[in-house]
Amino acid sequence: MKINPGNPLLPLRAVVLHKTRETENTFSLKLSLPDTRPVTFQPGQFNMLGIPGIGEAALSFSSLPIGKRSFVHTIRLAGNVTEALSRVSKGDRVHVRGPFGNGWPVQQAKGKNVVIVAGGIGMAPLRPVVYYLLQNRKSFGKLLLLYGVRSEEDILYRDELEDWLKSGEIKVLLSMDEKPRKGILGARQGVVTTLLDAIDVPLADTVTFTCGPEIMMRFVARQLIIRGQGGNRIFVSLERRMKCGTAHCGHCQIGAKYVCKDGPVFAYADIKRFADTLL
Ligand SMILES: Cc1cc2nc3c(=O)[nH]c(=O)nc-3n(C[C@H](O)[C@H](O)[C@H](O)COP(=O)(O)OP(=O)(O)OC[C@H]3O[C@@H](n4cnc5c(N)ncnc54)[C@H](O)[C@@H]3O)c2cc1C
Ligand code: FES
């Protein structure tokens, strides 16, 4: 069910249940809708979060639904809206429209190995995918998470990464632009594509989900294709300026596709032909 099934342009007021500082410039808001209808959404979908008088920003869910009415967004400071959101406190209200978009096609990955490649804040929309895969562990083959950050201070969800690593259910590999200190989740120095060598599953039986800067996703997709993975099983999440979220304003259009409605998740094979994207 939609957060606002009546009119997707009309925001609902959500209450801030909890605010967590994740890194120097990133924080998470746990929000709850004061409504009796259960909130449902898929990993990879997004909300438009707004502060009256300032504006709205597209933000992916960084959790699965929590109970009937709560969810989390992890937000990196970028400009006016994200800065205004960083000033809210427990008990404050923010405007929410959504959920929008299609989400990661986790059903298509059933019975297959899953490789997740995240760069920076791109870990946020992929965290609910990891939750989902671990909750439904038996439905999938081997699971690998390759995560690239600039420095140790930029690692998101560090405690969870350590738990996942210890669980043995998912292989977790970290790369860092800066030289990592010894013992930081076994991090290697370099960009995230250097971790692709560690993929130890046949790519023909694998689905890849990747989110991060477009240039990173382009290199990830190209290298995986060279190594034998089909572009129709590599899924990327695109970022475009969003306004309506409902395929009406045209702000997010790429060729004939609306990122807000047809995406933000696309098979690489479907999107790479559009000349106006980096992909
Ligand atoms: C589907 C989707 C999901 C997203 N999920 C998250 C998330 O989970 N967490 C998160 O922190 N951010 C996410 N973003 C990015 C987020 O929407 C922007 O950072 C935010 O809108 C910036 O708003 P602002 O008013 O704070 O900054 P602005 O003042 O609007 O922008 C600050 C700077 O960022 C650039 N910028 C802003 N938005 C975009 C964009 N969409 N694409 C390229 N450049 C942009 C501007 O050109 C400017 O240079 C997502 C974006 C999309 C489209
Ligand atoms: S945000 Fe308006 S068409 Fe996509």
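Residues numbered from 1 in each chain as written. Chains lettered and ligands numbered in written order. Predicted model: local features only at pLDDT ≥ 70, side-chain atom pairs only at ≥ 80, totals over all residues.

*Asks:* Please clarify how helix α2 (residues 123-135) should be interpreted in this entry.
*Replies:* For the α-helix, the turn length of 3.6 residues means that residues three or four positions removed from each other point alike. Between its first and last C-alpha, α2 extends 18 Å over 13 residues, near the 18 Å set by a 1.5 Å rise per residue. Taken together, the buried positions of α2 are occupied by Met123, Ala124, Pro125, Leu126, Arg127, Pro128, Val129, Val130 and Leu133. (Helix = DSSP H or I, 4+ residues; strand = E, 2+ residues; numbered from the N terminus. Expected span 1.5 Å × (residues − 1). Buried ≥ 20, exposed ≤ 12 C-beta atoms within 10 Å, placed from the backbone.)

*Asks:* Explanation requested: the site of ligand 1 in the structure shown.
*Replies:* Taken together, the neighbourhood of ligand 1 is formed by 22 residues, with Ala57, Ala78, Gly79, Val81 and Thr82 sitting nearest. Of all the secondary-structure elements, those providing two or more residues to the shell around ligand 1 are β4 (55-60), β5 (70-76), α1 (80-86) and α2. The element that contributes the greatest number of residues to the shell around ligand 1 is β4, accounting for five residues. A class-by-class count of the residues in the shell around ligand 1 yields twelve nonpolar, six polar and four charged. Counting residues domain by domain, the shell around ligand 1 receives three or more from each of domain 1 (12-100) and domain 2 (106-271). (Near = placed C-beta within 6 Å. Nonpolar A, V, L, I, M, F, W, Y, C, P; charged D, E, K, R; others polar. Domains from an automatic or database assignment.)

*Asks:* Mind showing me how you'd approach the sheet that holds strand β6 (residues 93-100) here?
*Replies:* Through backbone hydrogen bonds, the strands of a sheet pair up, either in parallel or in antiparallel fashion. As summarised here, the arrangement of the six strands in space is β4-β3-β6-β1-β2-β5, forming an open sheet in which the pairing is antiparallel. This sheet does not close on itself; its edge strands, each paired only once, are β4 and β5. Strand-to-strand twist in this sheet, taken as the mean axis angle between neighbours without regard to direction, amounts to 40°. Where strand β2 (residues 26-32) meets β5, seven bridges bridge the pair, whose relative direction is antiparallel. Its bridge partner being in β5, Phe27 is matched across the sheet by Ile75. (Pairing = 2+ DSSP bridges. Axes fitted to C-alpha atoms, helices over the stretch in contact; angles between N-to-C directions.)

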